[in-house]
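Each chain, written out:
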Amino acid sequence: MAYLLRRLLLVPVPLLIVVVFVFVVLRLTGDPVAIYLGIDATPEQEALLRAELGLDDPVPVQFAWFLLDLLQGDFGNSLQHRAPAMELVGARLPATLQLAAMGLGLAIVLGVLGGIAAAVWNDRLPDLVLTALAVIGQSMPSFWLGILLIQLFALELGWLPTSGREGWESAVLPTLTLAVFLLPNFILVTRTAVLETAREQFVATARARGVGSARALFRHVLPNALNPVVSLVGLQLGRLMGGAVVTETVFAWPGVGRLMVSAIFQRDVPVVIAGVFIVAVTIVLANLVVDIVQAAIDPRIRLR
């Protein structure tokens, strides 16, 4: 409980940093009133929108009102959709979580299996092939891969739809694109963790007592090699959400990422802030879960 309490006390810190960063960046990139209304807007229209967004107050006052509204869950109304920003983001959140969960789950399964295979056949053909594919995958942009998959499986073969979220068929290509974006790191980290654990003294002792290779791998090596993989899940959550934004845009997946991209182009400030805040909360809470899982796997972490 003490370990969990320490982690919970740290949760507001990254959220506050994200909020301050977004508040500053949105005001450094131009006047949203002038950008949204355009050059044909009248002074009365600009004054009305500026008052609606609270931009006619001094910056410290704007930030104070911004924090107060944030604590109440009020991010204002979308300038584009004329609806509460949080409701728009909340309606798109299930689609993003579904895509992220499927992509991360597939990446973990294939990455762990691939890393184990590379470690078992170390310095042999399977290891060389898997390591080469992992390095190639790390250098492959997700939007480029998504376009290639659409070209092959949707346009040329006609097996899968190009976009949307209707049925399991429409989720195959986005999930595969997001999984390949995360897969290389899981292969390389699992391979390294398994090889390093296999060199430990307790594994050598077990092998000296007559334990077979398969039993030593699954009973002694893998349970002790899980911790780096779990740590990687926490580190990959930020890349996961960033990759989800790109993937949703390429495949027209109706999630938070696509909504945020549209809001950024339209300078829809309330939606941008609400979307970034929800993504940040998701990443922070997911990292909290990862910390708890790590503490359950390795009790030594609770002493840090």
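Residues numbered from 1 in each chain as written. Predicted model: local features only at pLDDT ≥ 70, side-chain atom pairs only at ≥ 80, totals over all residues. Heavy atoms only, no water.

Draft legend 1. View of the overall build of the chain. In terms of helices and strands, the chain carries 13 helices and 0 strands. In the chain, which comprises 304 residues, the share counted as buried stands at 38%. The long-range share in the chain, meaning contacts at least 24 apart out of those at least 6 apart in sequence, stands at 74%. About 16,600 Å² of surface is accessible on the chain, with carbon and sulfur atoms providing 68% of the total. (Helix = DSSP H or I, 4+ residues; strand = E, 2+ residues; numbered from the N terminus. Buried < 20%, exposed > 50% of the residue type's maximum accessible area, 1.4 Å probe, protein only. Contact = heavy atoms within 4.5 Å. Areas by Shrake-Rupley, 256 points an atom, 1.4 Å probe, with all protein chains shown as cover.)

Draft legend 2. Focus on the side chain of T197. Here T197 is to be found in helix α9 (residues 169-198). Side-chain polar atoms of T197 contact the backbone oxygen of A193, separated by 2.7 Å. When neighbours within four sequence positions are excluded, T197 is seen to be in contact with F202, V203, H220, V221, N224 and A225. (Polar contact = N/O pair within 3.5 Å; in protein donor to acceptor, adjacent residues only side chain to side chain.)

Draft legend 3. Region of the structure containing the packing of aromatic side chains. One pass over the structure, following the stated rule, counts 1 aromatic pair. Centroid distance F153 to W159: 6.0 Å. Interplanar angle 45°. Geometry classified as tilted. Classification of W159 by relative accessible area gives exposed; the value is 59%. (Phe/Tyr/Trp six-rings, centres within 6.5 Å; stacked < 30°, edge-to-face > 60°.)

Draft legend 4. Geometry of a nonpolar patch on the surface. A surface patch of nonpolar side chains, about 400 Å² in accessible area, is lined by L106, V109, L110, L113 and L176. Sorting elements by how many residues they give to the nonpolar patch places helix α6 (residues 85-120) first, with 4 residues. Relative to the helices and strands, L176 resides in helix α9. In this structure L176 comes out as partly exposed when scored by relative accessible area, which is 33%. (Patch = residues over 30% accessible without salt bridge, like charges linked within 9 Å, V, L, I, M, F, W, Y side chains within 5 Å. Salt bridge = Lys/Arg side-chain N within 4 Å of Asp/Glu carboxyl O.)

Draft legend 5. Expanded view of the packing of helix α11 (residues 213-251) against helix α13 (residues 269-297). Two elements in contact, α11 and α13, have axes separated by 9 Å at closest approach and are oriented at 180°. The angle between the axes of α11 and α13 places the two elements in the roughly antiparallel class. Taking contact as the criterion, the partners of N227, V230, S231, V233, G234, L237, G238 and M241 in α11 are, on α13, V279, I283, A286, N287, V290, V293, Q294 and I297. Considering only residue class, the contact of α11 with α13 consists of 10 nonpolar, 6 polar and no charged. (Axes fitted to C-alpha atoms, helices over the stretch in contact; angles between N-to-C directions. Parallel < 35°, antiparallel > 145°, perpendicular 65-115°, else oblique. Nonpolar A, V, L, I, M, F, W, Y, C, P; charged D, E, K, R; others polar.)

Draft legend 6. Structural detail: the nonpolar core. Among the nonpolar cores identified, the biggest contains 24 residues, and L26, F66, L70, F75, V89, V271 and I273 are the most heavily contacted of them. Looking at this core, the elements with two or more residues in it are α2 (12-28), α5 (59-71), α6, α12 (256-266) and α13. Among the elements that line this core, the one with the most residues is α13, at 8 residues. Grouped together as the second largest cluster of nonpolar side chains are 20 residues, F181, F186, L232 and L240 included. (Core = buried A, V, L, I, M, F, W, Y, C linked by side-chain atoms within 4.5 Å.)

Draft legend 7. How the structure looks around the environment of L160. On the secondary structure map, L160 appears in the loop between α8 (142-156) and α9. A residue is classified by how much of its surface remains accessible, and L160, at 16% relative accessible area, is buried. Through-space distance from the C-alpha of L160 to that of V172 is 7.8 Å; in sequence the pair is 12 residues apart. Those residues in contact with L160 that sit more than four places away from it in its chain are F153, A154, E169, V172 and L173.

Draft legend 8. The packing of α8 against α11, seen in detail. Two elements in contact, α8 and α11, have axes separated by 9 Å at closest approach and are oriented at 30°. Taken together, the axes of α8 and α11 lie roughly parallel to each other. At the point where α8 passes α11, the crossing takes the right-handed sense. Contact residues: α8 offers S142, F143, G146, I147 and I150, while α11 offers V246, V250 and F251. Classifying every residue of the contact of α8 with α11 by side-chain character gives 6 nonpolar, 2 polar and no charged. (Left-handed = near helix turned anticlockwise from the far one by under 90°.)

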